[in-house]
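Summary of structural features
Residues per chain, in single letters:
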Amino acid sequence: MKIHPTAIVDPGADLAGDVEIGPYCIVGAGVRLGPGCRLGPRVSISGRVVAGNNNVFHPNAAIGGAPQDLQPPAPDGRIEIGQDNIFRESVTVHLPKVPGGITRIGSRNRLHFYSHVGHDSAIGDGVVLASHAVLGGHTIVEDGAWIEGQGGTHQFVTLGRQCWTRTHIPITEDVPPFMWVDGNHFEVVGVN
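Residues numbered from 1 in each chain as written. Predicted model: local features only at pLDDT ≥ 70, side-chain atom pairs only at ≥ 80, totals over all residues. Heavy atoms only, no water.

As a further point, take the packing of aromatic side chains. This structure, assessed with the given rule, holds three aromatic pairs. Ring centres 4.5 Å apart and planes at 90° place the aromatic pair Phe113 and Tyr114 in the edge-to-face group. Judged by relative accessible area, which is 34%, Phe113 ranks as partly exposed. On the numbers, 5.1 Å between centres and 15° between planes, the contact of Trp164 with Trp180 is stacked. With Trp164 in strand 25 (residues 164-165) and Trp180 in strand 27 (residues 179-182), this pair connects stretches of sequence that are 16 residues apart. Classification of Trp180 as partly exposed rests on a relative accessible area of 22%. (Phe/Tyr/Trp six-rings, centres within 6.5 Å; stacked < 30°, edge-to-face > 60°. Buried < 20%, exposed > 50% of the residue type's maximum accessible area, 1.4 Å probe, protein only. Helix = DSSP H or I, 4+ residues; strand = E, 2+ residues; numbered from the N terminus.)

For the rest of this paragraph, the subject is the sheet that holds strand 28 (residues 187-191). Ordered in space as 1-4-7-10-13-16-19-22-25-27-28, the eleven strands form an open sheet in which the pairing is mixed. The open sheet is flanked by strand 1 (2-3) and strand 28, the only strands paired with a single partner. (Pairing = 2+ DSSP bridges.)

This part is about the environment of Ser121. Locating Ser121 in the fold gives a position in the loop between strand 17 (116-117) and strand 18 (122-123). Looking at Ser121, the relative accessible area reads 0%, which means it is buried. Spatially, the C-alpha atoms of Ser121 and Thr103 are 5.0 Å apart, while their sequence positions differ by 18 residues. Once residues within four sequence positions are removed from consideration, Ser121 is found in contact with Ile102, Thr103, Arg104, Gly136, Gly137, His138 and Thr139. Within the local environment of Ser121, its side chain forms a polar contact with the backbone oxygen of Gly118, the two atoms lying 3.1 Å apart. Reaching out from Ser121, the side chain makes a polar contact with the backbone oxygen of Gly136 at a distance of 3.1 Å. (Contact = heavy atoms within 4.5 Å. Polar contact = N/O pair within 3.5 Å; in protein donor to acceptor, adjacent residues only side chain to side chain.)

Geometric values such as these leave the question of function open.
Next comes the structure, spelled out in structure tokens:
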């Protein structure tokens, strides 16, 4: 294990033997990081967070914060992260507010600069959230979806498998699988 001397790691964290934790990171009690995980400078991971193998967290990522909601996080809620994900600079992922809830991120996803995953959301595998893409709470993003920069979802919407949403598009309704949407109010433009 490689932990920078300026990092603060709670003794209640469960870290695989080859985890790398960079300068000024904070890793809280109840966090589990699998083999090959790497935390760049100033990453914060707190709460009940379980991350699988080979996840990379770039500077200032904040995983496990309270929901941006009037209700507090569920005391038994957790974040589950698969493997081989890339969390770029300043990505945020919030704990669920629903009792027993899970904010879930699958595997092989790319969350770009300043993207956000809201409470109780679920992301499949192979998803891209481009820079400043924001998912409201309870959003479902199915495998292979691509959300371009500065796009975002309202709560309780589903983005179908392999869909593509253009930049600056507010998504207020479900997006069908395999479709490309554009415009405000968005409409299906064609097949992705």
